[in-house]
Amino acid sequence: MGLSHWQESEPREPEASFGKRERRTQSVLRAAIEKLNKKRYDEVGIEEVELVRGAAEALAGINKDDASSVHLKELLDLVLESYNNYAVTTDMTTAQVVNGGKVVNQFVAKEFFGEKKRQKIKNLAGIEVGLVVRRYELTGPVELTGDVPDGALLVVRDGSVAIDGFVAGDVVASGDIVIQETVHGGWIISTKGDIKARRILAGSTLIAQTGGITCSRVESPKVVFARKGVVVEGDVRGGKLYGRTIRVAGTVNSAELNVVSTITAKAFETNPPSQTVVRLCRMLTSEDYGRPLDESSVLLTRLLLKHNCRLVLLAGIARHTQRDVHNCIRTMLYYLLAGVDKRSIVCELRGVQSRVIHLEQILEAGGNLRRYFGNIEGVGENVLADEVDSVAEECLAALVVIENQIEAIPREFAGTHRGELLKALRLLRALAQKIRLAAQAVPRILQHLRTLDEHFTNWNGQLAVAATESDRLINEFGLDDTLTQQIEGEPDRLAELLTQSLEEARRDTEGDRATRADSTFMRLMQRQLTRQRTTIGTWQNQLAKVRAELQDVLDALDNDPLIVFDQSGSASVRAEHFDKGVILTASPVQLDGVDVEESPMTCLEEPVEGDTTFTLHGRSIRRETPERRPAT
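Residues numbered from 1 in each chain as written. Predicted model: local features only at pLDDT ≥ 70, side-chain atom pairs only at ≥ 80, totals over all residues. Heavy atoms only, no water.

1. So, the nonpolar core
- With 90 residues, the main nonpolar core has L333, L428, W459, F477, I487 and F521 as its most contacted residues.
- The element best represented in this core is helix α6 (residues 295-337), accounting for 19 residues.
- F521 has contacts with T331, Y335, R343, V346, C347 and F413, leaving out every residue within four places of it along the chain.
- Counting residues in each nonpolar core, the second largest holds 58 residues, with V171, V230, F268 and L604 among its members. (Core = buried A, V, L, I, M, F, W, Y, C linked by side-chain atoms within 4.5 Å. Buried < 20%, exposed > 50% of the residue type's maximum accessible area, 1.4 Å probe, protein only. Helix = DSSP H or I, 4+ residues; strand = E, 2+ residues; numbered from the N terminus. Contact = heavy atoms within 4.5 Å.)

Okay, here's the thing in structure tokens:
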């Protein structure tokens, strides 16, 4: 009974199952044919392609009198021929699978990297490489099982590549590059994506032109450059790393790290004679990994220099003009509050005040020249003629403004000061013009800077004499110390103090203060005060315009794929330990040990223990104490 039941029931289930499978297969086949017929290749999986091919082969021996079968065979042959043409033109030469909605080309490395004639490759992604390799090209996304051998260049167009193996050769892709094992030698370049690898070893060059780089360990690569930043999950031993940020979970030893934002590591160690160098800078460019800046990027960097220089000079002029407004008020207060008429003394004081302010302006303008060109030694051909021209031009424009201010000093206050000030200013103008004409002649520029330093000594001497003379004249007014300190102290209440003093003086009809309050001298000072306040408004408007233009340049720099820029301008390095001998610098030209005054190189003379941060301020690098460190 049981056997009879088994014999009867056994065949039924396979028959039913086969019918269901056949119906499902026919449905899948129809869907696959429709996708291929409409050329929706990115939606077709390899199983569907093989199903269509199998159907075409099954119909190869059909009876020609069967019209429907003939029509189906013609349709299958047509869609398969179209698909094969697509596969050839897109380098889809092996099996394909659907992954995340995208067709992924899968390859086995030992089968793919066959013998090929080597060819010279001068340029990869805009970088001069000078390779002699066997070149293989694919269209991404690509999955490669196995290793990329030495002497092989894999170029993946329009997509990413994942390599389940080691890389000793070269890989270039437009998208992400993921390497499951070690990179040893060769160029790994992603133009629009990120790079992830296990270890980066000696001789390797990894460049993520717009993305980031992540790895477990770094050991003496030629260059690791990532616009977004570099993350190392272990130690860094040797090599050069560049990025907006660099984060190292372990220690750094005998390596050079270059950053425009932040570097963090557990420790920075030294292993003489090799150096451990940390460079905190305002900007990195593609030139750091060998790709020349294009014309638009060069223009942006020059505009940044020009606008920064103009901003500094305009801000200096506005600041000194505001100081002169305060000096006008102080002079009026001294004259008004003195017990007797001190007109001759107050006129002399006003002249000395003008002399101090304009000498400081001249020294500041010359200092801007000195700060920029002070780093020129050792740079040589990297100094562009138009950069020199731009800085000198801005300085000359500022000197014209200062000259007009000196010429406008009323004759009652000028005395002998106008001639001395104009002489100093014209000497500086002549030097700025000579520097401008020297262009790339670095020795001549340095000679002019030495002459400028000699004038600085003389002008600083004149400034000290003028400051002493100002103190002497103030003492002659005979005011008590409290009132003198109030006048010479914080300027915030000066205007209020002057208004109050004038009101009190005019109410004192029996004293001589009312006479002084309405004197010709006070009216002269009031006109000068009004003119200076109007001038400040003009400078503030110009400053607002330059700041807006500068912000446009900063935004463009931040979006430029060839430039790594951080608008904060305060790069920093943080670690729990710094060895003695670790070098901190703001300038790459100092790594030979040259110490430039305006951009000093700091070689730590003693170990630094405990959580410590060094921050770039302008051109100097300062150690931050815990109480000064900004909250994170």
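2. Digging into the environment of E269
- Position of E269 relative to the elements: it lies in strand β22 (residues 267-269).
- In this structure E269 touches R237, T251, V252, N253, S254, T276 and D579, once residues within four positions along its chain are discounted.
- Reaching out from E269, the side chain makes a polar contact with the side chain of N253 at a distance of 3.4 Å. (Polar contact = N/O pair within 3.5 Å; in protein donor to acceptor, adjacent residues only side chain to side chain.)

3. Re the environment of L529
- Examined against the element boundaries, L529 turns out to sit in helix α15 (residues 520-559).
- Residues L529 and I329, 200 residues apart in the sequence, show an inter-C-alpha distance of 7.6 Å.
- Non-local contacts of L529, meaning those with residues more than four positions away in its chain, are made with V325, C328, I329 and M332.

4. Details of the packing of α6 against helix α13 (residues 494-507)
- Interaxial distance between α6 and α13 falls to 10 Å at its minimum, and their mutual angle equals 25°. Considered as vectors, α6 and α13 are oriented roughly parallel to each other. For α6 against α13, the interelement crossing comes out left-handed. Along the contact surface, α6 presents H326, I329, R330, M332, L333, L336 and L337, while α13 presents L494, A495, L497, L498, S501, L502 and A505.
- Split into classes, the residues belonging to the contact of α6 with α13 amount to eleven nonpolar, two polar and one charged. (Axes fitted to C-alpha atoms, helices over the stretch in contact; angles between N-to-C directions. Parallel < 35°, antiparallel > 145°, perpendicular 65-115°, else oblique. Left-handed = near helix turned anticlockwise from the far one by under 90°. Nonpolar A, V, L, I, M, F, W, Y, C, P; charged D, E, K, R; others polar.)

5. A short note on unusual backbone geometry
- Along the chain, G140 connects to P141 via a cis peptide bond; the corresponding omega equals 0°.
- Of the consecutive residues P272 and P273, the connecting peptide bond is found in the cis state with omega at 5°.
- Structurally, P273 is set in the loop between β22 and β23 (277-280).
- Phi is positive for S254, close to 60°, though the residue is something other than glycine.
- Within the secondary structure, S254 is located in the loop between β20 (251-253) and β21 (256-264).

6. Thoughts on the pairing of strand β13 (residues 204-208)
- With five of five residues buried, β13 lies mostly within the body of the structure.
- Residues S204, L206 and A208 of β13 are buried on one face, and the alternating residues T205 and I207, pointing to the opposite face, are buried as well.
- Note: strand β10 (residues 186-190) against β13, five bridges, orientation parallel. In the strand pairing of β13, I188 is matched with L206.
- Note: β13 against strand β16 (residues 223-226), four bridges, orientation parallel. By the bridge assignment for β16, I207 is matched with F225. (Pairing = 2+ DSSP bridges.)

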